[in-house]
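An overview of the molecular structure
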Amino acid sequence: RPVAAASSLVNRDKVPPTFMLDEGCIELMHSGQSAGQAGANPYRVQIIDIKPIKNPQGGAADRHRLVISDGRHYMQAMLSTSLNPMLERDGIRALSIVRLDNHIMNNVQNRKVIIILQFTLISNDQPQIGHPQKLDETGGQQGAPPQTHAGAPQEGGYPGAAPGGYAPPPQQQQ
């Protein structure tokens, strides 16, 4: 099902049609369009990486930083703490495909970050879809994330990441 103003859907040979991603939705979210605006359906994305972020004050619930992809681009997201129980209950992990039912775009330390307020698990254990490139702060693309020889992200995210962590891909020289 097409997303308003999105160019196309990602359809890879080994991925069932129900697991297609809404290619172009990362750019739409980056520009401020939320699911449900302008007739858009909730966006389907793949979680490329997930990392718990400890609360420095203790007491309050930990947050989770995600890297989400639409098959063309990827960018960082934060999960609302109210969704933490879903991670364990539904087994949500890297390469899960989810539907973003409600989110907002926020500036965190001068960087745009998607705050996920509500989502639905579509599937776990899918192969990585596409070869997403990082969407930079101006909305353009940067270099593609390095892949392992098998084509999947290395354990803990991309090369250079600590186990269970995320490190941005190295910048390409011009």
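Now for a description of the structure that goes with this document. (Residues numbered from 1 in each chain as written. Predicted model: local features only at pLDDT ≥ 70, side-chain atom pairs only at ≥ 80, totals over all residues. Heavy atoms only, no water.)

Okay, the pairing of strand E4 (residues 97-108) next. Pairing between strand E1 (residues 43-53) and E4: four bridges, direction antiparallel. Bridge assignment links Gln46 to a residue of E4, and that residue is Ile97. The pairing of E4 with strand E5 (residues 111-123) spans 11 bridges and is classified as antiparallel. The partner of Met105 across the bridge, within E5, is Ile114. Remark: two residues form the turn of the hairpin made by E4 and E5, two consecutive strands paired antiparallel; Gln109 in that turn has positive phi of roughly 50 degrees. (Pairing = 2+ DSSP bridges. Helix = DSSP H or I, 4+ residues; strand = E, 2+ residues; numbered from the N terminus.)

So, on to unusual backbone geometry. With a phi close to 80 degrees, Leu95 is a non-glycine residue in the positive phi region. Assignment of secondary structure puts Leu95 in the loop between helix H2 (84-90) and E4. The class of Leu95 is buried, set by a relative accessible area of 18%. (Buried < 20%, exposed > 50% of the residue type's maximum accessible area, 1.4 Å probe, protein only.)

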